[in-house]
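This is what each chain is made of:
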Amino acid sequence: MVIEDSIRFCIFESLNTTMADEGGNNTVRVANFLKPCAKNTGEATRFPTVSAPPRNGEEVHPAVQFKGWKNPQRKWNDWIEIMAGKYGFMWNQTGICDAILSSMYKIQCNQSLILGIVEYWCIETNTFVFPWGEATITLEDVMVLGGFSVLGEPVNLPLTGDLVAMEAEMLRLSREMDGGKSRRDQRTWMNFFMEDGQSHDLEHVGFLSLWLSRFVFPSLPYEVIATRVFPIAIRLARGTKLALAPAVLAGIYESLRLLKQQVTSSSGESVKALGLFQLVQLWANERFSIFGSNCPIELKPGEPRAARWHGVISNANGCPISSALKFARSFQWRPYAADLKNCCFVSPYKDNEQFVHDASNSIDELRSFGKCLFANELVGLGGCIEKYMPYRVAMQFGFDQHLPGDFAVMNSNCRENFLFYVPSRSYKPCVSLEYLNWWRASKVNQEKKEDEINGMRLNFKDDEPSQIDRMKNVVGDFAGLLSDEKGRVKLAKGTLCNPLDVEDYACTIVGTLSHPIDVDKYM
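Being a predicted model, the structure only gives us computed values, none of them experimental. (Residues numbered from 1 in each chain as written. Predicted model: local features only at pLDDT ≥ 70, side-chain atom pairs only at ≥ 80, totals over all residues. Heavy atoms only, no water.)

Draft legend 1. A look at the overall build of the protein chain. Across its full length, the protein chain holds 15 helices and 16 strands. Taking all 523 residues of the protein chain together, 51% fall into the buried category. Look at the contacts in the protein chain between residues 6 or more apart in sequence, and 76% of them connect residues 24 or more apart. As displayed, the protein chain offers around 24,200 Å² of accessible surface, 49% of which is attributable to carbon and sulfur atoms. (Helix = DSSP H or I, 4+ residues; strand = E, 2+ residues; numbered from the N terminus. Buried < 20%, exposed > 50% of the residue type's maximum accessible area, 1.4 Å probe, protein only. Contact = heavy atoms within 4.5 Å. Areas by Shrake-Rupley, 256 points an atom, 1.4 Å probe, with all protein chains shown as cover.)

Laid out in structure tokens, this is it:
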């Protein structure tokens, strides 16, 4: 066990406690939890609230136009090849090579899948609150799937010295190119630098400005070069390494929040979504095995991980998306721990666990992983600030999950000088028994409040068979799996003449008409 000293902050806490594995077995052992974690349920943070998904198996969503979902333009890949020959070495040095190469691939949009997971998005915690637990898109996901670095200077620092003059020149050039208008068409921009501006001093800045506007920080108005990315493009072109991942993730969280609000309030009209939803799609493909199981593409040497999904249409093999999202067994907690042939991303996970005593002096791969573990406020472009809570989804990093504490941002010294732990690639994380009981009790209270507010009742028509009637080995007009406060599960039945009143039981309904489950193993 690593002990926190007075100089360096320890990002994890080791406790000897009772752990519950996925098979329902309890064992007492030493577990490693991400901070901040609560000592008991009384100190645990408030359970996240999220709007209930559609009932009765319905998957009715409004039509959504993903305005920020951009595929490569006709000449884009050619331009990348030209620029890679000139600046490829610098891209590697500044940590943007994989991110640029990722923009060469077409990621297919599964709108039903995107909207299916958005239903579970909690704007308070920036996590998906599924029936089986919390999960989210983390800095590690943005780093591995998007190719963006978590190391480097913040993206919002102002330009100084001769860089200010470069920005002024870029603004003058954009106005001149656009005939004095304030909007800069991306196609015109690319044609200018590819055909007429190859010898221009700002050619590299022009290329990076288009890449940032289209594939990193999409914004209104559409299809134009955003002048707000000029300072970022200039610093990257000068060889400065920037921490793009936090800003990208802040934008994704903001986009998920806005889409959730629009979908919730929509009465059927079309919704417009702006943001980097390609990364949301990649996250769902990687994390939910049932949607990514048909991936036919093997990476070629030098290709980024996003290339696996080029042109691939994700599906659930006939299983309704709403049903697939409700089961924990569909979710992959650690997809990046496994070896992937020809993957150029250097994984921090090794055969044995690692204790890193000094993050500031460790290699980039370990430092990057350590940065992903810190609770923090992510600062995006345009004044966007979003909370990042990796301790709520610790199992995604291979840590065990304990009661989440209150969100707190560590000071800059702690974020640079800290100790952390890297689980082995084969380790299977579990939840503490305290967390499991807290989760179950909180879900009961939340569902009860929702039912009281909505006045929901289980009503059945005599002339219409229910979904439960069609389930195997179930006798009667209603059947539900009930779990008492000790976690013991039993099958309860009711008929139309003698209905089951669930309010008479101090229990949790873990299987209902709207949330059908396989009851065979309980018969």
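Having seen the structure, we can now continue with the description.
Draft legend 2. Quick look at the packing of aromatic side chains. Under the definition given, this model contains 39 aromatic pairs. Between the aromatic rings of Trp76 and Phe215, the centroid separation amounts to 5.3 Å while the plane-to-plane angle is 35°, which identifies the pairing as tilted. With a gap of 139 residues between them, Trp76 in helix α1 (residues 76–94) and Phe215 in helix α7 (residues 203–216) connect regions that are remote in the sequence. The exposure classification of Trp76 matches that of Phe215, with both residues buried. Site record: aromatic cluster; members linked through ring pairs are Tyr120, Trp121, Phe128, Phe130, Trp132, Tyr253, Trp283, Phe288, Phe331 and Trp333. In this arrangement the basic side chain of Arg329 is found over the ring face of Phe327, its NZ or CZ atom lying 4.7 Å from the centre. (Phe/Tyr/Trp six-rings, centres within 6.5 Å; stacked < 30°, edge-to-face > 60°. Lys NZ or Arg CZ within 6 Å of the ring centre and 35° of its normal.)

Draft legend 3. Summary view of the pairing of strand β2 (residues 12–20). Of the pairings in the sheet, the one linking β2 to strand β3 (residues 26–34) comprises nine bridges and is antiparallel in character. Considered in β3, the bridge of Asn16 is made with Val30. The antiparallel pairing of β2 with β3 creates a hairpin that spans five residues between the two strands, and Gly24 there sits at a positive phi of about 85°. Sheet topology note: the β2/strand β13 (residues 431–432) ladder contains two bridges and is antiparallel. The residue of β13 that forms the bridge with Ala20 is Val431. (Pairing = 2+ DSSP bridges.)

Draft legend 4. Seen up close, the pattern of salt bridges. Taken as a whole and judged by the stated rule, the model has 19 salt bridges. For Arg308, the salt bridge goes to Glu286, with nearest N and O atoms at 3.0 Å. Taken as a pair, Arg308 in the loop between α11 (289–292) and α12 (321–324) and Glu286 in helix α10 (residues 277–287) lie far apart in primary sequence, 22 residues in all. One salt bridge connects Lys341 with Glu298, and the closest N-O pair in it is separated by 3.5 Å. Of this pair, Lys341 sits in the loop between α12 and β9 (354–356) while Glu298 sits in the loop between α11 and α12; the two residues are 43 residues apart in sequence, bridging distant segments of the chain. On the accessibility criterion, Lys341 (54% relative accessible area) is exposed. Linked through salt bridges whose partners overlap, the residues forming this network are Lys70, Arg214 and Glu223. (Salt bridge = Lys/Arg side-chain N within 4 Å of Asp/Glu carboxyl O.)

Draft legend 5. Region of the structure containing the packing of helix α5 (residues 162–177) against helix α8 (residues 230–237). Two numbers describe how α5 lies on α8: the axes approach to 10 Å, and their chain directions differ by 125°. With respect to α8, the axis of α5 lies oblique. The handedness of the crossing between α5 and α8 is right-handed. Residues Leu163, Met166, Glu167, Met170, Leu171 and Ser174 of α5 lie in contact with α8, whose contacting residues are Phe230, Pro231, Ile234 and Arg235. Counted by class, the contact of α5 with α8 contains seven nonpolar, one polar and two charged residues. (Axes fitted to C-alpha atoms, helices over the stretch in contact; angles between N-to-C directions. Parallel < 35°, antiparallel > 145°, perpendicular 65-115°, else oblique. Left-handed = near helix turned anticlockwise from the far one by under 90°. Nonpolar A, V, L, I, M, F, W, Y, C, P; charged D, E, K, R; others polar.)

Draft legend 6. A look at the sheet that holds strand β5 (residues 121–122). Spatial ordering of the open sheet is given by β5-β6-β7, a layout of three strands whose pairing is antiparallel. The strands lining the two open edges of the sheet, one partner per strand, are β5 and β7 (133–135). As judged from the three bridges shared by strand β6 (residues 127–130) and β7, these two strands associate in the antiparallel manner. Within β7, the residue paired with Phe130 across the bridge is Gly133.

Draft legend 7. Representation of helix α4 (residues 139–146) in the model. Taking burial as the measure, the eight residues of α4 include eight buried ones, the bulk of the element. Those residues of α4 that are buried lie in contact with α2 (97–102), α9 (244–265), α10, α13 (364–371) and β11 (385–388). Where α4 begins, the side chain of Thr138 points an oxygen toward the backbone nitrogen of Glu140, at a separation of 3.2 Å. Following α4 by one or two positions, Gly147 adopts a phi angle in the positive range, close to 80°. (Polar contact = N/O pair within 3.5 Å; in protein donor to acceptor, adjacent residues only side chain to side chain.)

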